[in-house]
Amino acid sequence: MRAIILLGLFTLFSCSQDYLPKPKGYNRILLPSQEYRLLPDTFPYQFEYSTSAKILKDSSWIAERYWIDIFYPDIDANVQITYKPINGSEQKAAELFNDSYQLTAKHNVKAYAIDESILELPNGDFASVVALEGEVPSQFQFHVSDSTQHFMRGALYFKTATQNDSLAPVIDYLKRDIIHLLSTLRWND
């Protein structure tokens with residue numbers, strides 16, 4: 001009898017009118033404020049990058065002197081920056097532009113949308129920015145050149161298996177950082 005009374009009291013007090021079933025969960029993503037600092041002038045280029053990011057030397061086996069990664073430790077993402085001098089060679093410039101377009105085209109297999117835009121930058125250069133949708137390894141890419149001396153290419157990568165639709169707020173956040181990078185870009189001659 002005592003057990004029945006305790007079970008009844010437990011049932012009476014355990015129920016609440018405030019209970020709501022939880023919806024399907026999504027990753028909670030806390031994005032830092034977008035503040036920027038200037039890249040050191042030891043590179044042939046200079047731009048502002050996020051204070052929540054670290055500049056790392058590219059450690060790949062094909063890396064060249066001025067290749068860097070802008071690494072976001074809290075988001076586990078990086079923007080790979082590659083730089084090539086053109087030195088006035090129209091042929092070299094054409095090859096670099098062609099290589100950039102070919103690298104982007106490799107994503108056609110998994111991308112269901114590729115949106116390219118041309119941005120005129122404050123320094124007078126033009127940048128091609130490409131947003132890719134679908135389960136692609138790089139969701140945002142760009143290349144920019146002054147067409148006579150400098151060529152830079154960048155690509156956004158995540159070190160996670162999370163689906164890109166779940167990463168959409170982070171991708172948008174990093175796109176704004178990359179656009180800021182491009183809008184503050186200047187070449188050190």
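Residues numbered from 1 in each chain as written. Predicted model: local features only at pLDDT ≥ 70, side-chain atom pairs only at ≥ 80, totals over all residues. Heavy atoms only, no water.

A. Focus on the layout of surface pockets. Taken as a whole, the largest pocket encloses approximately 470 Å³ of empty space. Lining the largest pocket are 19 residues; nearest its centre among them are Ile 62, Trp 67, Thr 82, Leu 103 and Arg 153. (1 Å grid on protein atoms, 1.4 Å probe; cavity = no way out; pocket = protein on both sides within 12 Å on 5 of 7 lines; lining within 4 Å. Points joined across faces, edges and corners; volume = space filled by probe spheres on them.)

B. Fine view of the pairing of strand E9 (residues 140-145). Most of E9 sits out of view: six of its six residues are buried. Side chains of E9 alternate between two faces, with Phe 140, Phe 142 and Val 144 and Gln 141, His 143 and Ser 145 buried alike. Relative to E9, strand E8 (residues 126-134) is paired through six bridges, and the arrangement is antiparallel. Each bridged residue has a counterpart across the sheet, and for Val 130 the counterpart in E9 is Gln 141. (Buried < 20%, exposed > 50% of the residue type's maximum accessible area, 1.4 Å probe, protein only. Helix = DSSP H or I, 4+ residues; strand = E, 2+ residues; numbered from the N terminus. Pairing = 2+ DSSP bridges.)

C. Broad picture of the sheet that holds strand E7 (residues 111-120). Read across the sheet, seven strands follow the order E4-E5-E6-E10-E9-E8-E7 without closing on themselves; strand pairing throughout is antiparallel. Looking along the sheet, the strands with just one partner apiece sit at the ends: strand E4 (54-57) and E7. Mean inter-strand twist for the sheet, computed between neighbouring axes without regard to direction, equals 20 degrees. Here strand E6 (residues 77-85) pairs with strand E10 (residues 150-158) via nine bridges, running antiparallel. Note on E10: the bridge partner recorded for Lys 84 is Phe 151. Strands in contact with helix H2 (residues 90-105) are E6, E7, E8, E9 and E10; relative to E10, the strand with the most contacts, it is inclined by about 15 degrees. (Axes fitted to C-alpha atoms, helices over the stretch in contact; angles between N-to-C directions. Contact = heavy atoms within 4.5 Å.)

D. Representation of helix H3 (residues 168-183) within the structure. With 16 residues, H3 should reach 22 Å at 1.5 Å per residue; the first-to-last C-alpha distance of 22 Å fits that figure. Within H3 the residues assigned to the buried category are Val 170, Ile 171, Tyr 173, Leu 174, Asp 177, Ile 178, Leu 181 and Leu 182. (Expected span 1.5 Å × (residues − 1).)

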